[in-house]
Each structure stands twice: as structure tokens, then as C-alpha cells.
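# Observations on chain architecture
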Amino acid sequence: MSVLFQTGKYCLRKSYSYSFCKYVLLRKKSDVPRKFITFDEIVTQRRAEARRSLVVQVNSESSFDELYGYCSKYSSIKDVYHYKNSGEEHFMLIEFSSEENLQSILQSCCSHQKDLEVMAVQSPFVWFRAASDAKQKLTANGLELRVKDGNNKHSEDLLFEDLMKCQTVSEQIQMLYDKTILNDVGARLRFMVARQLEVILSSLYTNIQVLPFGSSVNGFGKMGCDLDLVLTNSLTDGMMSPTNRLVYQEKRSEGSRGPWQRHMELVGALLELRVPGATRVQRILNARVPIVKYSQELADVDVDLCFKNMSGVHMSALLYSLGALDPAGPALAVSVRRWAAAVQLTQPHPGRWITNFPLTLMVLFFLMTQKILPTFRCLLECAGRLYTVHD
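Since this is a predicted model, take the numbers as computed values, not measurements. (Residues numbered from 1 in each chain as written. Predicted model: local features only at pLDDT ≥ 70, side-chain atom pairs only at ≥ 80, totals over all residues. Heavy atoms only, no water.)

## Topic: the environment of Arg190
For clarity, the cut-off: Under the scheme used here, helices are H or I runs from DSSP no shorter than 4 residues and strands are E runs no shorter than 2 residues, and both carry numbers assigned from the N terminus. For every residue, the accessible area (1.4 Å probe, protein chains only) is compared with the maximum for its type, and the residue is labelled buried under 20%, exposed over 50%, or partly exposed between those bounds. In what follows, a contact means two residues having at least one pair of non-hydrogen atoms within 4.5 Å. Two N or O atoms form a polar contact when they lie within 3.5 Å of each other; inside protein one atom must be a possible hydrogen donor and the other a possible acceptor, and for residues adjacent in sequence the pair counts only when both atoms belong to side chains.
Among the secondary structure elements, Arg190 is positioned in helix α7 (residues 184–201). Relative accessible area serves as the criterion here: at 5%, Arg190 is assigned to the buried category. Taking the C-alpha atoms as reference, Arg190 lies 7.7 Å from Pro212; in sequence the two are 22 residues apart. Arg190 has contacts with Leu182, Ser216, Gly224, Cys225, Leu227 and Val301, leaving out every residue within four places of it along the chain. For Arg190, the side chain forms a polar contact with the main-chain oxygen of Gly186, separated by 3.0 Å.

Structural data, given as C-alpha cells:
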């Protein structure tokens, strides 16, 4: 038997024994136990990071000293991450120490463009213009960027060379995963895109939340993967108190799919007119779940946005939890998906062919049959009455 990794123009074959599955997928005894972080905790953490972050377009990575020196005069900065988009434009993602620090920067340092015919909008995406006083010298006091070129994909040639150095298939699978998986900067940028929509749409919807789902958050995503977002404004119990006698006048949404199609049509128009960096907006309203597709050029990511379809978020939580039970699971799924793309079993665009999602489910089912992951019946039994109540 052999396993095939196709990396661009190269093919790499390594032989393995019949006991390959057990050898590759069992957790190493030397692995250090770590506290399990739930899907909700991960999303909450990333959303909090986005709420205290700003993406700044700059001339180059050498702008770091001046940008840090300027912003640090007004607020405390936690970290700065550099990346480039596909147009070779440079950006700095600044995470401040708190949301209050970010608000201080927005109030003290941010302004709108003068003498330009634009409809002004506030957004967490800004640009850093040259100083009017050329004598002003700002420095970062010896501090350095946390990450440089944080959005770069790993070179295919270097990946092939690294895979050739591996001694076992197990090492190859793990290395392929480690070199191609969505990194910290990629995840931060995706949550910044979600945050941008929340800021701009907050005046239209109460309790607005824009939540990522799919490969961006379930642990199976790769660098450059698309971003799936769901727009939701579910009301909390406190917002629907029966004791309050003043009730907001609101529009009713009656019917099955029609109102959501019109909502997404409106959101598509807002993306075209009001969201900086949003380009190539497409409305796909007759699908089973109406969506709007667009490209966010400032973050260099393609986005699919739907309205109130939370099933994707729940499935992402399930896949994340299953992947967290054994880290080798996501690594194997990434390898299978890479192979499927290499032999053209899957395609980069949706259509009448298999996609990465069912491939991932098949890998997880295989791991369950091999007793590496617990079965759904076992998970249900472990969940017990708590699951039954919420079913």
C-alpha cells in the first residue's frame, strides 16, 4: 500500500504497513495534556480580540516604528501583526490592550477624508497617512513586530522538500497539516471581517452578531480558505421582558424564504455601497439558503454571508469538538482533502461534485469505525439528560 501526497507538480509516495491507521492516529504518549478549550470559548476569545483590534494599511513593514510610536502615545498596544494581501499591499493588525484603548485611538487619532465625495462610514479598517510634520520622529523603542508576512501561504516547493525529509507517513501527515493549516493571523483577519460587518450593520439590527462558521473555525481550515459568515440578531430574554410596557414597533417577517431573500438583497447593496474593501458582490438569492458572496480585499479573503442559518455554526462546533478529541483527526482529514483536490475529485468552485465537507465527515466516520473517535451513540449516552432536554 502507499499514500499519495500531491503538492503542485510533485508526487510523493511512502509505503506503510497494514497497521498504519493505529500507528498514525494514536496520540503520542509524550504529548503534554492540555486543558480542553470549547468551541464557544474559542469564538468568544476571537470576537474579543477583534473588538479591541484595528487593521491599518501602511506603505511597508518598515512603517511599524512610526505607526507604533504614533498609536502608543494614546493607548496601550498588546501586539502588532504584519501581512500582505494578494495585491502586495501592506497592513498592520494592531491588538490593543482593551476595548477602551481602541476607543481612545478612534476618538483621538481617526478622521475622515477631506474634500472627497464619499459617504462617511466608521470601520475597523483604516489607513496610515504620512505625517504633515516631516521633522516628527516616532519610534517603537526597540520593540519588534509580533509576526511579519503573517498571511503568506507555505511555498509548494519548500513543502515538498520538507515532506521528503520525513521518515514516516505519520510525520508527513502531521507536517502537511502544520504547514498548511489556518494560522493565528488568518483567524484574526476573519474575525476582523465579521467585526466590520457588525459595526456597519449595528444601526439596522438589534443585538447584531456576525459569526464565522465552517473551516475558518472548526480546526480543518487551510491558509486562504473561504470565510463563511452568518448574520443573526436573536433577542435575549432580557430584551423581551414581559413586564416592560413600552414595546418597539417593528416590521414583521412573514413567509418562509421570501423575507430572508429581501434581507440578503439589502445586505448585498450595503456591501457594495458602505463596506470598505468589499468587492465582486454576488447575490445568490434563489438557493435553499440565500447568500451573498463577496471578496474582502483588505483582508484578502472571499466571504459567503447568510442570514439566521445557525446550523452551520452548530456543525462547526461538532467538528471542532471531534477534532479536539484526537489532533490526528484533522491532520488526516486535511491530507485526504489535499489528495482529493490533486486527483480532481473536488473542485475549487461549488457544483455537482463532492466537496470538502462530506470528505471530512467520511474521515471522521472512518475514525469512529477504528475506535479512535467515539461514535455518535456513545456521545449521546455521555451527554445524557442534558442533551435530551436541548434536543
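Still to come is the rest of the account.
## Examining the sheet that holds strand β9 (residues 278–284)
Rule in force here: We treat two strands as partners when DSSP finds at least two bridges between them. To obtain each axis, a line is fitted to C-alpha atoms, and for helices this fit is confined to the stretch in contact; angles are then taken between N-to-C directions over 0 to 180 degrees.
Read from one edge to the other, the open sheet built from 5 strands follows the order β7-β8-β11-β10-β9, with strand pairing classed as mixed. Edge positions in the sheet fall to β7 (209–213) and β9, since each of these pairs with one other strand and no more. This sheet shows a mean twist of 25° between the axes of neighbouring strands, independent of strand direction. Here β9 pairs with strand β10 (residues 291–296) via 5 bridges, running antiparallel. Considered in β10, the bridge of Thr279 is made with Ser295. Packed on one face of the sheet, helix α8 (residues 258–274) meets β8 (227–232), β9, β10 and β11 (301–307) and runs near 165° to β9.

## Re the pairing of β8
The element β8 is largely enclosed, with a buried count of 6 among its 6 residues. Side-chain alternation along β8 places Leu227, Leu229 and Leu231 on one buried face and Asp228, Val230 and Thr232 on a second face that is also buried. Relative to β8, β7 runs antiparallel, the two being bridged by 5 bridges. When the bridges of β8 are listed, Gln209 appears paired with Thr232.

## Focus on the pairing of β11
Within β11, 6 of the 7 residues are buried, which leaves it mostly tucked inside the rest of the structure. As paired elements, β10 and β11 share 6 bridges and run antiparallel to each other. Bridge pairing in β11 links Val292 to Leu305. Here β10 hands over to β11 after 4 residues, with Asp300 in that stretch at a positive phi of 60°.

## A few points about empty space enclosed by the protein
What counts here: Put simply, the grid is 1 Å and covers the protein atoms alone, a cavity is a trapped set of points that fit a 1.4 Å probe, a pocket is an open set with protein on both sides within 12 Å along at least five of seven lines, and lining residues have an atom within 4 Å of a point. Grid points are joined across faces, edges and corners, and a volume is the space filled by probe spheres set on the points. Just so you know the grouping, Ala, Val, Leu, Ile, Met, Phe, Trp, Tyr, Cys and Pro go in nonpolar, Asp, Glu, Lys and Arg go in charged, and all remaining residues, Gly too, go in polar.
Tallied over the full model, the rule gives 1 cavity of 30 Å³ or more. Looking at the largest cavity, its volume works out to about 60 Å³. What lines the largest cavity is simply Arg46, Arg47, Ala50, Arg51, Phe191, Ala194, Arg195, Glu198 and Val210. Listed by contribution, the elements that provide at least two residues to the lining of the largest cavity are α2 (39–51) and α7. Its residues assigned to classes, the lining of the largest cavity comprises 4 nonpolar, no polar and 5 charged.

## Quick word on the nonpolar core
Definition in use: Only buried residues count toward a nonpolar core. Its members are Ala, Val, Leu, Ile, Met, Phe, Trp, Tyr and Cys residues joined through side-chain atoms within 4.5 Å.
Ranked by size, the top nonpolar core spans 49 residues in total, and within it Val55, Val193, Leu197, Leu229, Leu231, Leu271 and Tyr294 carry the most contacts. In terms of residue count, α7 provides more of this core than any other element does, 9 residues in total. Sequence-distant contacts of Leu229, that is, excluding residues within four places in its chain, are made with Val193, Ala194, Leu197, Val210, Leu211, Pro212, Phe213, Val303, Asp304, Leu305 and Cys306. In terms of nonpolar packing, the next biggest core, distinct from the first, is built from 17 residues, Val169, Ile181, Met368 and Leu373 among them.

## Examining the pattern of salt bridges
Under the convention used in this document: Put simply, a salt bridge is a Lys or Arg side-chain nitrogen that is within 4 Å of an Asp or Glu carboxyl oxygen.
Counting across every chain of the model gives 19 salt bridges. When the shortest N-O distance is used, the salt bridge between Glu198 and Arg47 registers 2.7 Å. Here the residue Glu198 occupies a position in helix α7, and Arg47 occupies one in helix α2, the gap between them amounting to 151 residues. The residues Glu198 and Arg47 share a single accessibility class, namely buried. Salt-bridge contacts for Arg283 lead to Glu272; the nearest nitrogen and oxygen are separated by 2.8 Å. Of this pair, Arg283 sits in strand β9 while Glu272 sits in helix α8, and the two are 11 residues apart along the sequence. By relative accessible area, Glu272 is classed as partly exposed at 46%. One continuous salt-bridge network, built from bridges that share partners, spans Arg46, Glu49, Arg52, Lys78, Glu95, Asp184 and Arg188.

## Observations concerning the environment of His154
Structurally, the position occupied by His154 is in the loop between β6 (125–127) and α5 (156–165). His154 sits 26 residues away from Thr180 along the chain, and the two C-alpha atoms are 6.6 Å apart.

## A few points about a nonpolar patch on the surface
Put simply, the test is: For patch detection, residues must exceed 30% relative accessible area and be free of salt bridges, and they are connected within 9 Å for like charges or within 5 Å for nonpolar side chains (Val, Leu, Ile, Met, Phe, Trp, Tyr). Accessible areas in this description were obtained via Shrake-Rupley with a 1.4 Å probe; residue shielding takes into account the shown protein chains only.
Side chains of Leu235, Met239 and Met240 sit close together on the surface and give an oily, nonpolar patch of about 270 Å² of accessible area. Position of Met240 among the secondary structure elements: in the loop between β8 and α8. Classification of Met240 by relative accessible area gives partly exposed; the value is 46%.

## With respect to the sheet that holds strand β4 (residues 77–84)
One open sheet holds the 4 strands; their spatial order is β4-β5-β3-β6, and the pairing between them is mixed. Each edge of the open sheet carries a strand with a single partner, namely β4 and β6. The mean angle between the axes of side-by-side strands here comes to 25°, regardless of whether they run parallel or antiparallel. Judged from the 3 bridges that link them, strand β3 (residues 53–58) and β6 form a sheet pairing that is parallel. Each residue of the ladder has a partner; that of Val55, found in β6, is Phe125. Packed on one face of the sheet, helix α3 (residues 64–71) meets β3, β4 and β5 (90–96) and runs near 30° to β5.

Distances and angles like these do not, on their own, reveal function.
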